[in-house]
Amino acid sequence: MAMSKTLQCTLCEEKFDEKSIKELKFFPHTMICSTCYNEAEKDKSVCFAKKKQYDKKSLVCSKICPDRKVCKLYIRMQHAN
Ligand SMILES: [Zn+2]
């Protein structure tokens, strides 16, 4: 059996492997899974993946926010549809 590294989501504690990362079910930059990011997107109290609030020129969106890489990816995925 091949050794597969298991990673755990910091929010829901669900476990993921490298295959999940390739399938965009888990984001190792922030150690948070796509299910939790989907929840964050629906949550009105957070800005995550909100098109109107995302601004790549803003310091928060481009340098400070821990979710910036994943958020950018999410926005791109939404536009692809
Ligand atoms: Zn999660």
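Cut-off values and rules
- Residues numbered from 1 in each chain as written.
- Predicted model: local features only at pLDDT ≥ 70, side-chain atom pairs only at ≥ 80, totals over all residues.
- Helix = DSSP H or I, 4+ residues; strand = E, 2+ residues; numbered from the N terminus.
- Buried ≥ 20, exposed ≤ 12 C-beta atoms within 10 Å, placed from the backbone.
- Contact = placed C-beta atoms within 7 Å.
- pLDDT = per-residue confidence, 0-100.

**Examining the environment of isoleucine 21**
Counting through the fold element by element, isoleucine 21 comes out in helix α1 (residues 18-22). By the C-beta count within 10 Å, which is 14 here, isoleucine 21 ends up partly exposed. If near-sequence neighbours (up to four positions away) are discounted, isoleucine 21 is found in contact with Phe16, Phe26 and Pro28.

**Points about the confidence of the model for the protein**
Per-residue confidence for the protein gives a mean pLDDT of 89; residues scoring 70 or more make up 93%. Mean pLDDT values over the elements of the protein span from 84, in helix α4 (residues 68-80), up to 97, in strand β2 (residues 15-16).

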